[in-house]
Amino acid sequence: MAQRPQTLYEKIWAAHVVERRPDGTCLIYIDRHLVHEVTSPQAFEGLRAAGRKVRRPELTLAVPDHNLPTTPRKDANGNLLPIADPESAQQLDALRRNTAEFGVDYIDATAAAQGIVHVVGPEQGFTLPGTTLVCGDSHTSAHGALGALAFGIGTSEVEHVLATQTLLLSPSKTMEVRVDGVLGHGVSAKDVVLAIIGKIGAAGGTGHVIEFTGSVIRNLSIEGRLTIANMSIEGGARAGLIAPDETTFAYLKGRPMVPKGADWDKAVAWWRTLPTDPGAVYDKVVTLDAADIAPNLTWGTSPEDVVPITGVVPDPDSFADPSKREAARKSLDYMGLTPGTAMQDVPIQHVFIGSCTNSRIEDLRAAAAVARDRKVADGVRALVVPGSGLVKRQAEEEGLDRIFVQAGFEWREPGCSMCLAMNPDKVPAGERCASTSNRNFVGRQGPGARTHLLSPAMAAAAAVTGRLFDVRELKSHDFDR
Amino acid sequence: MNPVTTVSGTAYPWGAKNIDTDVIIPAHWLKTITRAGLGRGAFETVRAQPDNIFDDPRYAGAPILIAGDNFGCGSSREHAAWALADMGIQAVIAPSFSDIFSGNAFKNGIVPVVLPQDAVDRLVEVAKDQPITVDLETMTVTTPFQDRFAFELDPFRRECLMKGLDEVGLTLARDEAIGSFEGQMAEGRPWIAGRQRLDAPTAGTA
Ligand code: SF4
């Protein structure tokens, strides 16, 4: 009997069921667990209090990122400089001690491999297709770019995974988001994912795992796919998946933690069986045409508040839903924007190029192509924060750091930085930031900070013009080739 | 965890939509290594506004919060649930919750009650000056009037709440099943457990 056609999600799920309970919930085996300093101390504390061990330490990898200052962190001898904020220092210290005590691999802040947890996982080959991967962080969805079923969990679940290597889960519904066509000049993966969230809404994916399909997704590099899957959670989805293909295998091959020798061949053979079967059915399907996607950005305080750069600040009265009208009014008040203002007329004071959404080498190249031979506008502070020490090193080998520094950008050490207000990089109250991160929530980049989410090229364009600006109007070394 | 069977009392009649975890507990409160004391930071940005609902003496110490769609969206921080628990909230009623927040709520003895928008609107009205009751036994929300709204809960989660069960302990009891899964995995997908380990924390593996 022919088997019912299955989606990628269903295949990964089925391969990880330890036990199915009568009510349909399943005990799911977790292949990969990433840990950082903010959401893990209470989990290790819980293990200690109950006298429990980490079941399979080799399946977990820890790296600090959220709290670390992005200023130089080593002295001349390569030792870690003290962290000024005592609470951050305490969390960072707890991660170091906990991982040593429980035998978990830990990448220190002084290591070249250190970086944002969602940049480090794929880069080290810790993230693999067909795995279940979790982390106490909602943007874990990023790893779905390699075909891993990856999602964020809370600290109690972190403890549960450490102790049992499993989670008790109910199956999600599936949603296909298909993007076909060819992206226009100056339009990047970030613009695609903003368009998707603008279309489905911040709660559009609730209860679903999204699979991104279509020619646009297939033609993206792994970097671009990571940007898309990263923001699945901003559309409310539990996880985002992209089927593994030759691009995925080429990206992974030779990375430190990927399978070697005969295991590699065996793994690739299995990974090739994972893509969704023809005829498999999703619970929901949404389609977008690449031709309709412009360089996008957000105007409000929800990632669904998306507008093309050529657009204007919307009028709250234009929304049909009364609660959306009210929310828009509040957003505009917080953002200090007036309906009808052209987005391009909005001045900015800060630019942040970084975060697990857009801090990989391609992102830095795209921003540098715009920054080259230009100057950061007067009164603008612009930060470039590579996603990991290895990205930083590569960028320096390519000379990108010099382009940025000559243009007046700050070239920083890797970490979460200005993506969230947990380390010294913050946007002051009332000031406006063009940011390549993933959340524009109230206070996300600092109390009272105003955030506009956009692509690396658009962020660089904002830096050199001092306002939100259509990157397509700037001649760029990359675009003009 | 203490067992929860009913939650009864005043409720914050809020009804606000898309309340994200940065609003529930701003990031600067996350630099703690314990679960306690986060109530002080709960809804900090909301409480900075004059006449906010959380500082209204009529609702002080209310065990129930009524909110709008998509409550708890955003970050996975369990600190949001710890903060609510620390301020004494034992049930949140809303038309929908983010998946992660809902899981975190259960694990901290907070009942995430999903009711349709019109029921939530009615409860916001009633709660302005009347108490309400969330009953896990009958799975209903009731008011001093004739209102009676039925809700659903995952049976396993409900049992854990009502008996105050520790999920880690329950799963550890399934050790044999997990072990046999791991045995199959070692055969079929040997690369999962066989990954390269780091030799030192400062290893600059490229
Ligand atoms: S860069 Fe931002 S979104 Fe990504 S893990 Fe760090 S704080 Fe979270």
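Residues numbered from 1 in each chain as written. Chains lettered and ligands numbered in written order. Predicted model: local features only at pLDDT ≥ 70, side-chain atom pairs only at ≥ 80, totals over all residues. Heavy atoms only, no water.

Under an unreviewed UniProt entry, chain B has the name 3-isopropylmalate dehydratase small subunit and belongs to Sphingomonas yabuuchiae. According to its UniProt record, chain B has this under Catalytic activity (unreviewed entry): "(2R,3S)-3-isopropylmalate = (2S)-2-isopropylmalate". (UniProt positions renumbered as here; feature names shortened; annotations may be inferred.)

Chain A is annotated in an unreviewed UniProt entry as 3-isopropylmalate dehydratase large subunit from Sphingomonas yabuuchiae. Checking UniProt for chain A, the heading Sequence similarities (unreviewed entry) contains the comment "Belongs to the aconitase/IPM isomerase family. LeuC type 1 subfamily."

**Q** For the overall build of chain A, give the residues involved together with the corresponding values.
**A** Helix and strand content of chain A: 15 helices and 19 strands. Here chain A has a C-alpha radius of gyration of 22 Å; the compact-globule value for 481 residues is 23 Å, and the two agree. If one aligns the C-alpha atoms of chain A with their principal axes, the spans along those axes are about 60 × 60 × 45 Å. Put simply, chain A has 481 residues, and 67% of those count as buried. Summed over all atoms, the accessible surface of chain A reaches about 15700 Å², with 51% contributed by carbon and sulfur. For chain A, the distance from the average position of its 50 positive side-chain charges to the average position of its 57 negative side-chain charges is 2 Å. (Helix = DSSP H or I, 4+ residues; strand = E, 2+ residues; numbered from the N terminus. Rg over C-alpha atoms; globule rule 2.2 N^0.38 Å. Buried < 20%, exposed > 50% of the residue type's maximum accessible area, 1.4 Å probe, protein only. Areas by Shrake-Rupley, 256 points an atom, 1.4 Å probe, with all protein chains shown as cover. Lys, Arg positive; Asp, Glu negative; His and termini not counted. Charge placed at Lys NZ, Arg CZ, Asp CG, Glu CD.)

**Q** Residue-level account of the pattern of salt bridges, with values.
**A** In the structure shown here, the tally under the stated rule is 43 salt bridges over all chains. The closest approach of N and O atoms between Arg55 of chain A and Asp175 of chain B, which form a salt bridge, is 2.7 Å. With Arg55 of chain A in the loop between helix H2 (41-50) and strand E4 (60-62) and Asp175 of chain B in helix H8 (residues 175-188), the pair connects residues from two separate chains. Given a relative accessible area of 41%, Asp175 of chain B falls into the partly exposed group. (Salt bridge = Lys/Arg side-chain N within 4 Å of Asp/Glu carboxyl O.)

**Q** An account of the interface of chain B and chain A is requested, with residue identities and associated values reported.
**A** On the chain A side, the residues contacting the 60 residues of chain B number 88 residues. For the pair chain B and chain A, the two sides together bury roughly 6100 Å², of which 55% comes from carbon and sulfur. The interface formed by chain B and chain A holds 12 salt bridges in total. In this structure, the connection of chain B to chain A is made through 34 residue pairs in polar contact (both at pLDDT 80 or more). It is H8 of chain B that contributes the most residues to the side of chain B that touches chain A, nine residues altogether. A breakdown of the residues in the side of chain B that touches chain A according to their chemical character gives 22 nonpolar, 18 polar and 20 charged. (Contact = heavy atoms within 4.5 Å. Buried area = accessible area lost by both parts, 1.4 Å probe. Polar contact = N/O pair within 3.5 Å; in protein donor to acceptor, adjacent residues only side chain to side chain. Nonpolar A, V, L, I, M, F, W, Y, C, P; charged D, E, K, R; others polar.)

**Q** Tell me about the site of the ligand, and please be specific about residues and values.
**A** The full set of residues close to the ligand is His66, Ile116, His118, Asp137, His139, Ser355, Cys356, Cys416, Cys419, Leu420, Asn438 and Arg444 of chain A. Here the residues of the shell around the ligand sort into five nonpolar, five polar and two charged. (Near = heavy atom within 4 Å.)

**Q** Lay out the nonpolar core in plain terms, naming residues and giving numbers.
**A** Among the nonpolar cores identified, the biggest contains 87 residues, and Val351, Phe404 and Phe409 of chain A together with Phe43, Phe71 and Leu84 of chain B are the most heavily contacted of them. Broken down by element, the residue count for this core peaks at eight residues, all from helix H15 (residues 456-465) of chain A. Contact partners of Phe404 of chain A, with chain neighbours within four places excluded, come to Leu364, Ala367, Ala368, Ala371, Val384, Phe409 and Trp411 of chain A. (Core = buried A, V, L, I, M, F, W, Y, C linked by side-chain atoms within 4.5 Å.)

**Q** Talk me through the UniProt feature "binding site: [4Fe-4S] cluster" (unreviewed entry) in chain A; I want residue IDs and the actual numbers.
**A** Residue and element names in this part refer to chain A. As recorded in UniProt, the sites labelled "binding site: [4Fe-4S] cluster" (unreviewed entry) are Cys356, Cys416 and Cys419. Considering the C-alpha atoms alone, the annotated residues occupy 64 residues of sequence yet fold into one spot, their largest mutual distance being 8.8 Å. Note that Cys419 resides in the loop between strand E17 (410-411) and strand E18 (432-435). The exposure class assigned to Cys419 is buried, which follows from its relative accessible area of 7%. If we ignore the near neighbours within four places in the chain, the residues touching Cys419 are Phe352, Ser355, Ser437, Asn438, Arg444 and Gln445.

**Q** Can you lay out the sheet that holds E18 of chain A for me, pointing to particular residues and giving the numbers?
**A** Residue and element names in this part refer to chain A. The strand order E17-E16-E15-E18-E19 describes an open sheet built from five strands, whose pairing is parallel. Pairing within the sheet leaves two strands with one partner each, and these edge strands are E17 and strand E19 (450-453). When strand E15 (residues 350-353) meets E18, the two strands line up parallel, connected through three bridges. Each bridged residue has a counterpart across the sheet, and for His350 the counterpart in E18 is Cys433. (Pairing = 2+ DSSP bridges.)

**Q** Summarise the environment of His160 of chain A; cite the residues concerned and give the values.
**A** With respect to the element layout, His160 of chain A can be found in helix H5 (residues 155-164). Judged by relative accessible area, His160 of chain A falls into the buried class, the value being 1%. Taking the C-alpha atoms as reference, His160 of chain A lies 8.2 Å from Ala43 of chain A; in sequence the two are 117 residues apart. His160 of chain A has contacts with Gln165, Thr166, Leu167 and Leu168 of chain A together with Glu167, Val168 and Thr171 of chain B, leaving out every residue within four places of it along the chain. A polar contact is formed between the side chain of His160 of chain A and the backbone oxygen of Thr166 of chain A, at a distance of 2.8 Å.

**Q** Describe in detail the UniProt feature "domain: Aconitase A/isopropylmalate dehydratase small subunit swivel" (unreviewed entry) in chain B, supporting the description with residues and values.
**A** Mapped onto this numbering, the UniProt entry gives "domain: Aconitase A/isopropylmalate dehydratase small subunit swivel" (unreviewed entry) at residues 1-117 of chain B. Along residues 1-117 of chain B the backbone is 22% helical and 15% strand, and the end-to-end C-alpha distance reaches 31 Å.

**Q** Outline H5 of chain A, listing residues and values.
**A** All names here are of chain A. Within H5, 10 of the 10 residues are buried, which leaves it mostly tucked inside the rest of the structure. Buried residues of H5: Thr155, Ser156, Glu157, Val158, Glu159, His160, Val161, Leu162, Ala163 and Thr164, and no others. Gln165 occupies a position one or two residues after H5 and carries a positive phi of about 60°.

**Q** Quick rundown of the packing of aromatic side chains? Include the residues and the values.
**A** Applying the stated rule across the entire model yields 17 aromatic pairs over all chains. When the ring of Tyr29 of chain A is compared with that of Phe181 of chain B, the centres are 5.0 Å apart and the planes differ by 25°; the resulting orientation is stacked. Here Tyr29 of chain A is found in strand E2 (residues 26-29), whereas its partner Phe181 of chain B is found in helix H8 on a different chain. Both residues of the pair, Tyr29 of chain A and Phe181 of chain B, belong to the buried class. A ring pair is formed by Phe71 of chain B and Phe97 of chain B, whose centres lie 6.1 Å apart and whose planes are at 80°; its orientation type is edge-to-face. Here Phe71 of chain B is found in the loop between strand E3 (64-66) and helix H3 (79-86), whereas its partner Phe97 of chain B is found in the loop between strand E4 (91-94) and helix H4 (99-107), with 26 residues between them in sequence. By relative accessible area, Phe71 of chain B is classed as buried at 0%. The exposure class assigned to Phe97 of chain B is buried, which follows from its relative accessible area of 7%. Each residue in the set Phe249, Trp264, Trp270 and Trp271 of chain A together with Trp191 of chain B is aromatic and connected to the rest through ring pairs, giving one cluster. Over the ring of Phe319 of chain A we find Lys324 of chain A, and its NZ or CZ is 5.5 Å from the ring centre. (Phe/Tyr/Trp six-rings, centres within 6.5 Å; stacked < 30°, edge-to-face > 60°. Lys NZ or Arg CZ within 6 Å of the ring centre and 35° of its normal.)

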